[in-house]
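Listed here are the chains, written in short residue letters.
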Amino acid sequence: MLRRFQALHKLGPRLSRLVLLRTMASAVNKTVHPFSKANLDDLLLKRFFYAPAFEIYGGVAGLYDYGPPGSALQANIIAEWRKHFIIEESMLELDTTIMTPEKVFVASGHVAKFADWMVKDSKTGEVLRADHLVKNVLNDRLEKDKIARDPNVELKKKAKKEKPLDDAVRDEYDSILNRLDEYSGPDLGELIKKHTIVNPATGNDVGDPVEFNLMFASNIGPVGNNTGYLRPETAQGHFVNFQRLLEFNNGSLPFASAQVGRSFRNEISPRNGLLRVREFTMAEVEHYVDPADKSHPKFKDVANVKLNFLRKEIQSAGKNDIIETTIGDAVATGMVANETLGYFVARIYQFLIKIGIDPKRLRFRQHMDNEMAHYACDCWDAEILLSSGWIECVGCADRSAFDLTQHMKATGRSLVAQKPIDPPRIIHKTEPEWNRKELGLTFKKLAPTIVKAVEELPVEELEKIRVATENEPYMLVVEGDEAIALTPKYIKIVDKTIKQAVEDYVPNVIEPSFGLGRILYALLEHSYWAREADIQRGVLSLPALVAPIKVLIVPISAQEAFKPLIQDIAAKLRKAGIFSRVDSSSVTIGRRYSRNDELGTPFGLTIDFASLQNGTVTLRERDTTDQRIGKVDEVVAVVSDLVEGVITWEDACATLPAYSGVQAVEGATA
């Protein structure tokens with residue numbers, strides 16, 4: 001860049017200004033119009049990014065189908081997620097079943113605790129999620145208060161307004177909203193009564209909050225005696241396969257497993273499009289680590305990444321003040337629990353920014369004590385600011401050893417790792433030694449229960465068994481309060497000295513969990529804007545990395561003479577791995593480009609009559625609408641570099657000359 005400006009300086013002031021103008025990208029004002037969610041929703045439906053499922057049958061709340069651009073956008077996000085996490089972090093990829101036996105979720109706690117609080121309209125029976133009802137009603141009151149206090153709002157718009165809220169009431173509402181995630185069901189019920197919160201749609205009172213389990217239940221097999229559930233997350237598929245994963249990784253820790261797949265939650269009142277649905281795609285990582293060493297070898301690579309944090313202490317005080325600091329400082333001060341958790345928080349940030357999320361509208365919110373699972377060490381949510389408020393899109397939790405421990409208890413299977421002890425330990429143990437033949441002959445099916453009960457006894461009780469005799473046996477109480485007489489015929493207690501070179505431990509788990517549908521919608525909202533000259537001309541400024549279509553090929557004419565060049569350019573783009581689309585419809589070129597701006601297509605190639613004679617093609621950039629011109633191979637090479645992120649549009653402008661709009665070709669007819 002410096003050399004370029006030095007060369008321009010030698011040309012003299014007038015000529016250098018002309019050259020500079022021809023090599024610079026145009027400026028674009030993307031904020032001239034306020035954001036319109038209605039216009040975005042119309043665009044997404046019109047271009048079939050997604051639409052309500054089974055729409056011709058009236059649709060089902062919380063279920064959506066993705067159309068061609070939505071499917072391609074999601075696939076590109078997933079591809080980048082796989083590259084960013086699975087490939088760059090050498091993770092082990094899984095694809096586990098959706099249908100899960102009930103006993104798995106009993107062990108994990110989902111059957112007992114995977115629930116939200118709901119309330120019912122006292123007259124219509126309509127079901128509402130309690131925390132969302134409180135949030136929506138209080139936000140609406142605060143918005144009305146804001147209008148009432150605004151001196152710039154016309155009096156006629158204030159005609160039906162309520163009186164401004166008392167300052168104390170307004171502050172209380174703000175405090176409630178900032179602490180909303182820590183309220184229990186009874187707490188929400190008290191808030192609903194205290195602040196006279198009713199169903200906004202009917203004005204009717206609502207009942208007390210009751211818990212509703214969010215899992216979809218089903219039966220496995222035709223008999224109906226084997227209950228199963230559609231998984232609400234992919235995580236349990238990781239945990240039950242831990243031992244196989246450990247063996248695949250040659251017994252070495254730390255390592256991570258990763259999975260992208262469908263999950264299901266029977267949401268109480270799904271709404272807001274893709275933000276709260278009943279079927280969705282998740283991407284989850286389970287990183288297994290020694291609980292005694294949660295450092296990360298690559299933490300230094302992200303230590304200087306600066307993030308916006310909302311600490312739990314701030315929220316508990318009813319505030320939402322942001323702390324901006326590096327992840328290195330956040331871990332050093334103990335705000336983030338450990339290096340591995342901090343490393344993944346930073347990597348989550350880098351991924352979201354890379355695919356196009358606005359960093360100014362991204363924060364990491366720490367779970368409050370009442371909100372966080374009892375077994376978790378620390379948890380941070382990546383929240384993205386949308387027109388509807390802050391929305392959780394990624395969770396990153398240190399789940400301790402809870403999951404593996406629960407599945408070990410439920411199955412009796414070992415889900416542990418080993419690590420060497422240097423120097424080895426000398427351990428003195430007191431343990432039972434069984435005469436299993438006599439034990440089995442006497443107690444038959446009860447024998448395993450006896451063995452298990454004795455192995456769980458403290459040393460003091462083992463010493464009592466040691467001195468037991470045939471005449472004075474040790475009385476062991478087992479299941480059903482049955483007393484078993486243990487004598488030296490069945491058992492003796494021995495002392496052993498063991499040299500221990502390795503020790504078992506249950507790994508802790510750091511879990512980043514991504515809701516891809518929410519991320520996709522957030523990206524669309526952050527990318528949307530309208531042309532300054534026409535608010536109806538919407539544009540999606542999707543990065544080329546994830547855009548559904550990378551290049552639009554636009555022939556100026558439908559004549560047969562254009563087809564060989566179109567096919568040649570399309571083939572060269574395919575060879576470069578670039579997805580393109582040809583639009584040879586009869587509408588104007590401007591209209592063709594406009595509808596592809598709505599699809600987020602970053603680049604367009606215009607083929608005109610000069611292209612046939614000169615082998616040139618015009619390159620258009622979506623946001624600026626700037627156009628450059630060059631030989632076909634040269635332009636394809638530039639487009640390839642643009643799509644791969646090797647160069648920016650400003651770099652492309654320095655490589656290709658500006659298109660003047662005039663390329664006279666004799667004998668040309670439309």
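All figures in this text were calculated on a predicted structure; none of them were measured in a lab.

Engineer: Report on the overall build of the protein, specifying residues and quantitative values.
Structural biologist: Counting its regular elements, the protein contains 25 helices and 28 strands. For the protein, the spread of C-alpha atoms along the principal axes amounts to about 120 × 65 × 55 Å. A burial count over the protein gives 47% of its 670 residues as buried. Considering only contacts within the protein whose residues lie at least 6 apart along the sequence, 68% involve residues at least 24 apart. Per element, the accessible surface of the protein, about 34,300 Å² overall, is 52% carbon and sulfur.

Engineer: Please give an account of the state of the cysteines that cites residues and values.
Structural biologist: Per the stated rule, a full pass over the model turns up 0 disulfides. In this structure Cys379 is not part of a disulfide, and its nearest cysteine sulfur, from Cys396, lies 7.5 Å away. Its relative accessible area of 8% is what places Cys379 among the buried residues.

Engineer: Residues and numbers for the packing of helix α4 (residues 68-87) against helix α15 (residues 339-355), please.
Structural biologist: α15 packs onto α4 with a crossing angle of 145° between their chain directions and a minimal axis gap of 11 Å. Of the two elements, α4 crosses α15, and the hand of that crossing is right-handed. Between α4 and α15, the contacting residues are Ile77, Glu80, Trp81, His84 and Phe85 on the first element and Phe344, Arg347, Ile348, Gln350, Phe351, Lys354 and Ile355 on the second. The residue inventory of the contact of α4 with α15, partitioned by class, reads 7 nonpolar, 2 polar and 3 charged.

Engineer: Break down unusual backbone geometry for me, with residues and values.
Structural biologist: Trans is the common state for peptide bonds, and a negative phi is the common state for residues other than glycine. With an omega dihedral of 0°, the bond running from Leu253 to Pro254 counts as a cis peptide bond. Here Pro254 is to be found in the loop between α11 (242-248) and β10 (255-264). With an omega dihedral of 0°, the bond running from Asp422 to Pro423 counts as a cis peptide bond. Looking at the secondary structure, you find Pro423 in strand β17 (residues 417-434). Positioned with a positive phi, Ser90 is a non-glycine residue whose angle comes to about 55°. Here Lys444, not a glycine, exhibits a phi torsion of approximately 50°, which is positive. Residue placement: Lys444 occurs in the loop between α17 (436-443) and α18 (447-455).

Engineer: Before we move on, could you go through the packing of aromatic side chains and cite the residues and values that matter?
Structural biologist: Using the criterion set out here, one finds 18 aromatic pairs in the structure. Ring geometry for Tyr343 and Phe344: centres 5.6 Å apart, planes at 80°, overall edge-to-face. Classification of Tyr343 by relative accessible area gives buried; the value is 2%. Its relative accessible area of 1% is what places Phe344 among the buried residues. Between Phe351 and Phe514, the aromatic rings sit 5.9 Å apart at their centres with planes inclined by 90°, giving edge-to-face as the arrangement. One end of the pair, Phe351, is in helix α15; the other, Phe514, is in strand β21 (residues 508-515), with 163 residues separating them in the sequence. In this pair, the class of Phe351 matches that of Phe514, namely buried. Its guanidinium or amino end placed over the ring of Trp390, Arg363 lies 4.1 Å from that ring's centre, counting from NZ or CZ.

Engineer: Run through a nonpolar patch on the surface, naming residues and quoting values.
Structural biologist: A surface patch of nonpolar side chains, about 550 Å² in accessible area, is lined by Phe54, Ile56, Tyr57 and Val60. Note on placement: Phe54 falls in the loop between β1 (50-52) and β2 (64-66).

Engineer: Which residues make up the sheet that holds strand β13 (residues 323-326), and what are the values?
Structural biologist: If you walk across this open sheet you meet the 9 strands as β3-β10-β11-β21-β16-β15-β14-β12-β13, and the pairing is mixed. Among the strands making up the open sheet, the edge pair consists of β3 (92-93) and β13.

Engineer: Break down the pattern of salt bridges for me, citing the residues and quoting the values.
Structural biologist: Applying the stated rule across the entire model yields 50 salt bridges. For Glu182, the salt bridge goes to Arg179, with nearest N and O atoms at 2.7 Å. Taking the relative accessible area as the measure of exposure, Arg179 reaches 25% and is therefore partly exposed. With a closest N to O distance of 2.7 Å, Asp398 and Lys294 form a salt bridge.

Conventions we followed
- Residues numbered from 1 in each chain as written.
- Predicted model: local features only at pLDDT ≥ 70, side-chain atom pairs only at ≥ 80, totals over all residues.
- Heavy atoms only, no water.
- Helix = DSSP H or I, 4+ residues; strand = E, 2+ residues; numbered from the N terminus.
- Buried < 20%, exposed > 50% of the residue type's maximum accessible area, 1.4 Å probe, protein only.
- Contact = heavy atoms within 4.5 Å.
- Areas by Shrake-Rupley, 256 points an atom, 1.4 Å probe, with all protein chains shown as cover.
- Disulfide = S-S within 2.5 Å.
- Axes fitted to C-alpha atoms, helices over the stretch in contact; angles between N-to-C directions.
- Left-handed = near helix turned anticlockwise from the far one by under 90°.
- Nonpolar A, V, L, I, M, F, W, Y, C, P; charged D, E, K, R; others polar.
- Phe/Tyr/Trp six-rings, centres within 6.5 Å; stacked < 30°, edge-to-face > 60°.
- Lys NZ or Arg CZ within 6 Å of the ring centre and 35° of its normal.
- Patch = residues over 30% accessible without salt bridge, like charges linked within 9 Å, V, L, I, M, F, W, Y side chains within 5 Å.
- Salt bridge = Lys/Arg side-chain N within 4 Å of Asp/Glu carboxyl O.
- Pairing = 2+ DSSP bridges.

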